[in-house]
Amino acid sequence: MISDESPAMRFSRRELLKYGSLLAATASAGPVLAACSSGSTSTATGSSAGSGSMAGTVNFYSWQGYDLLPEPALKAWRKKHDVLIHSTYVSTHNDITAKFSTGGGHGIYNLSTYEAGYGPYYVGLKIPSPIDMSKVPNFQQVYPIFRQGAVSSRWWNFGGHQWALPFTWGLQGVNYDATKIKPPASYNDLLSPSLKGKIGVTDDPVAAIVIGAHVLGIFRSDSRYTPAQLNQIIGFWSKMKKNARLVIPSYGNMADLFVAGEIVAATPGWSAVNSFAAAKGDKNVQHTLPKEGSATFCDAFMVPTGATDLDTVYGYINEAFSPQAQAQEAENLVQGAVNPQAVPLMDAATRGLYPYNNIDQVLTVTAPLEEIPVTVPSGYANFNDWNTAWESFKAS
Amino acid sequence: MASATGIAAARRRRRTAVALLVGPAVVLVSGALLIPTINLLVQSFLVPSGYGQVSYHFTIANYTSALTDPTYLKLALYSFGLGALAAIACLVLGYPVAYFISFRLTRGRNIALFLVVVSLFTSYLVRLYAWYTILGEHGVINDALIRLGVISTPLMFLLFSRWAVLTAFVNIFLPYTILMLTSSMQNIRKDLLENARDLGASPLRTFSRIVLPLSMTGAIGALVYTFILTSGDYITPALLGGTQSTAIANVVSDQFLALGNRPEGAAISFMMLAVFFVVYLGLTRLERFKGF
């Protein structure tokens, strides 16, 4: 009987159990250390009915619904061109920043989006690549404000390049259950003792700070708030939190909470939550814009640097600007379209949501798009200060 | 002489085989865990300079700022406290089950172990969402209590509270605790328990003097495993924690994702790791426990 195992090399069951558990726990803690972002995923494809040069895969990384999966126009297009979509959904806009600024997303995802205010910031971080406009002819159909002039050159077309293509926009106010409360006319209505423990505050710092600024009457589209003003805004949300049941981690989760009957209202809201809840059987969730004002967003398709399958991606983007796709997107997401030819194709309710005959006035005066204050003059709170303040608010 | 050569060759073959068997695991652990961990350790001593960027200058400011921030300290206390509570609760609930499976069951032992494991087949997130239907305002518990006339209005604290987070943690980690305890109890000979009883020891004394000391390694493993994973969890507090939904791991996540401040995120991570090691080392001293 020969054995060359030294006693030191031998592991008893007890030692194996002890060290094994430590190793397993340490390995499991790895994702926390790395603070990897999480996201839900979805995959859709068309059959092989047709195939052309656009056949390929769109690896999409953005908000749930922005992959336009359920829309008949895009479904038909995917089927015709044999295009597969693999979507990963984000919980916050910061997920997009993190995914593409740390190198993890480039070369993996070939289609994403950014909200207008993030444009200069993202270009500075080298996240988007210039758009090849010759491959998206449908974009020429969009309202002029989205493709030329001051608004376009501030957020999407600057430095000699078109960095992204705005495809949807909207306003963020309050989501509420229409069977349980009347539409809140003011954000302060949500502070009512009768709603204590029945509302949610969404973990969306940018929208929250913009809405807070509106409530306090200090809103500025250049987002220049002093630290004292930022404290005032956080103070407003702290009051809201005291009346809230929870801080809602994502808009998808907000829909679940409405469906489960756990909340009757939530802010910052998003009209698309109405659709998310309806898809789960609750058609009573509505979205309203209180009198103080709302956060405005306009999301644009971007092609991250290092993207592959470009013909597929550009084909998909181009189709997303067709009148049919735009009308269906507006209806499904309960958001604004950018193609005027889509307006007559919408149902009356969707068409009535936004003043399409006065779109310039809305996006420049009534509810202008807000800047992300990455760099601000001395004396103003920057984006880092916003996030830090919001983090403290959540922890308080 | 020939025999000695043969023994040497056998040793070489065995070492080669061991290297081939262990090598892939070593490469995997090194590549997936050690290298990123060392990278993070280095980054924790660098100066942040813009989103996701670092300046290569040595500093301990990331550690000092994290240690002196009252918000972080409060969250750390909350997270480690909740982790400790979850670990202890799992142990207290897991011991009777593991004891029953190990010493009372014979034929049904494998079925019982399967039933323990089967709960792990469901995804973590699905199990968290399931608590909405159990603890929610219109959940099973509130509905039952209202129907029975015990309460007239739903108990709102059941969901979206620290209690809910603790409940979910115990639900998720109890099976692991039971498995570890059962595994360690398999080393205990039944005749030891019989001898103790023959000598007049009460069931409680038998448990404290025989079962507890001999299964302590499993208990320590379960405590450490549950404590580390629950203290570092940020999904469960976010989904079930209500307005107190932020844990120290959320701060790490926010440092990396929202603020792009990798050095400070790394510094907080390593302070968490230090706490985990201290707790682990402290708990290993319990191995000397000989019973009450």
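Residues numbered from 1 in each chain as written. Chains lettered and ligands numbered in written order. Predicted model: local features only at pLDDT ≥ 70, side-chain atom pairs only at ≥ 80, totals over all residues.

A. How the structure looks around the interface of chain B and chain A. Taken together, the contact pairs 52 residues of chain B with 44 residues of chain A. Counting only elements with at least two residues in the side of chain B that touches chain A, the list comes to helix 1 (2-43), helix 3 (70-104), helix 7 (162-185), helix 10 (216-231), helix 11 (235-240), helix 12 (248-257) and helix 13 (262-284) of chain B. Considering only residue class, the side of chain B that touches chain A consists of 27 nonpolar, 20 polar and 5 charged. (Contact = placed C-beta atoms within 7 Å. Helix = DSSP H or I, 4+ residues; strand = E, 2+ residues; numbered from the N terminus. Nonpolar A, V, L, I, M, F, W, Y, C, P; charged D, E, K, R; others polar.)

B. Broad picture of unusual backbone geometry. Cis rather than trans, the peptide bond between Thr267 of chain A and Pro268 of chain A has omega equal to -10°. Note on placement: Pro268 of chain A falls in the loop between strand 12 (265-267) and helix 9 (272-279). Although it is not a glycine, Phe160 of chain B adopts a positive phi angle of roughly 60°. Take Phe160 of chain B: it is sitting in the loop between helix 6 (140-147) and helix 7.

C. Region of the structure containing the sheet that holds strand 11 (residues 244-248) of chain A. All names here are of chain A. The strand order across the open sheet formed by 5 strands is 11-10-12-9-13, and the pairing between neighbours is mixed. Both edges of this open sheet fall to strand 11 and strand 13 (285-288), since each of them pairs with a single strand only. Averaged over neighbouring strand pairs, the angle between their axes works out to 20° when direction is ignored. Two strands pair when backbone bridges link them, and strand 9 (residues 174-177) and strand 12 are joined in this way by 2 bridges, in the antiparallel orientation. Looking at strand 12, one finds that Asn175 is bridged to Ala266. The strands touched by helix 8 (residues 251-259) within the sheet are strand 9, strand 10 (199-202), strand 11, strand 12 and strand 13, with strand 10 carrying the most contacts at an inclination of about 175°. (Pairing = 2+ DSSP bridges. Axes fitted to C-alpha atoms, helices over the stretch in contact; angles between N-to-C directions.)

D. A look at the domain arrangement of chain A. Residue and element names in this part refer to chain A. Examined at the domain level, chain A breaks down into domain 1 (41-168 + 298-354) and domain 2 (174-293 + 373-395). On a C-alpha basis, the centroid separation for the pair domain 1 and domain 2 is 26 Å. Between domain 1 and domain 2, the contact holds 10 residues from the first and 12 residues from the second. Split by residue class, the side of domain 1 that touches domain 2 holds 3 nonpolar, 7 polar and no charged. (Domains from an automatic or database assignment.)

E. Region of interest: the environment of Asp282 of chain A. All names here are of chain A. Its place among the elements puts Asp282 in the loop between helix 9 and strand 13. Taking C-alpha positions, Asp282 is 9.5 Å from Asp256, a pair spaced 26 residues apart along the chain. If we ignore the near neighbours within four places in the chain, the residues touching Asp282 are Phe258, Val259 and Ala277.

F. Spatial organisation of the pairing of strand 14 (residues 295-304) of chain A. Residue and element names in this part refer to chain A. The element strand 14 is largely enclosed, with a buried count of 10 among its 10 residues. Neither face of strand 14 is open: one carries Ala295, Phe297, Asp299, Phe301 and Val303, the other Thr296, Cys298, Ala300, Met302 and Pro304, and all of them are buried. Taken together, the 4 bridges between strand 4 (residues 111-115) and strand 14 define a ladder with antiparallel strand orientation. Within strand 14, the residue paired with Ser112 across the bridge is Met302. With 2 bridges joining them, strand 5 (residues 128-129) and strand 14 adopt antiparallel strand pairing. Counterpart to Ser129 in the pairing with strand 14 is Val303. Judged from the 7 bridges that link them, strand 8 (residues 165-172) and strand 14 form a sheet pairing that is antiparallel. (Buried ≥ 20, exposed ≤ 12 C-beta atoms within 10 Å, placed from the backbone.)

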